[in-house]
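What follows is each chain in one-letter form.
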Amino acid sequence: MNSTPRVIRFDPAPAIAPEIDHPRHERREVGDPERRTWVLYDNAAEGVAAGIWECEPGRWRIEFGPREHEYFIVLEGLCRVHDAEGRAESFGPGQAVFLPPGFMGSFEVVERMRKHFVIVER
């Protein structure tokens, strides 16, 4: 029996508890920030996950796989994305970011931030 797809609301205060973690030790560059993730949609068969993420200030290295894409919109705070060549761009509330497959660099949270995210692995 097929069920009808449902709309998923991204409320500011999700009813579920967040997953809490920290950047892996070997990737940390500045601090050991606590990260909170509310996965509001996860379809492993399609390789898609979406939700809300927030984090304290800090900086760590990121390495996207050859099939991993991320799109996010900053809701609050300020982040900086550093590429492997040392260039950096800052993003604040209302700004959207796309990180392509194979991206390598660092993610820096300058001011405690919150974002909506969509990750696709295809």
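Residues numbered from 1 in each chain as written. Predicted model: local features only at pLDDT ≥ 70, side-chain atom pairs only at ≥ 80, totals over all residues. Heavy atoms only, no water.

S.K.: Give me the lowdown on the layout of surface pockets, citing residues and values where you can.
M.R.: Within this model, the largest pocket holds a volume of roughly 740 Å³. If you go around the largest pocket, you meet 29 residues; those closest to its centre are Arg35, Trp53, Glu68, Glu70 and Ile119. Those elements that provide at least two residues to the lining of the largest pocket are β1 (19–21), β3 (35–43), β4 (48–55), β5 (58–63), β6 (68–83) and β9 (104–121). (1 Å grid on protein atoms, 1.4 Å probe; cavity = no way out; pocket = protein on both sides within 12 Å on 5 of 7 lines; lining within 4 Å. Points joined across faces, edges and corners; volume = space filled by probe spheres on them. Helix = DSSP H or I, 4+ residues; strand = E, 2+ residues; numbered from the N terminus.)

S.K.: Residue-level account of the pairing of β9, with values.
M.R.: Relative to β9, β4 runs antiparallel, the two sharing eight bridges. Within β9, the position partnered with Gly51 by the bridge is Phe117. Pairing of β5 with β9, which is carried by six bridges, proceeds in the antiparallel orientation. Within β9, the residue paired with Arg61 across the bridge is Ser106. Of the strand pairs in this sheet, β6 and β9 are connected by 14 bridges, and their pairing is antiparallel. Paired with Glu68 across the two strands is Glu121, which belongs to β9. (Pairing = 2+ DSSP bridges.)

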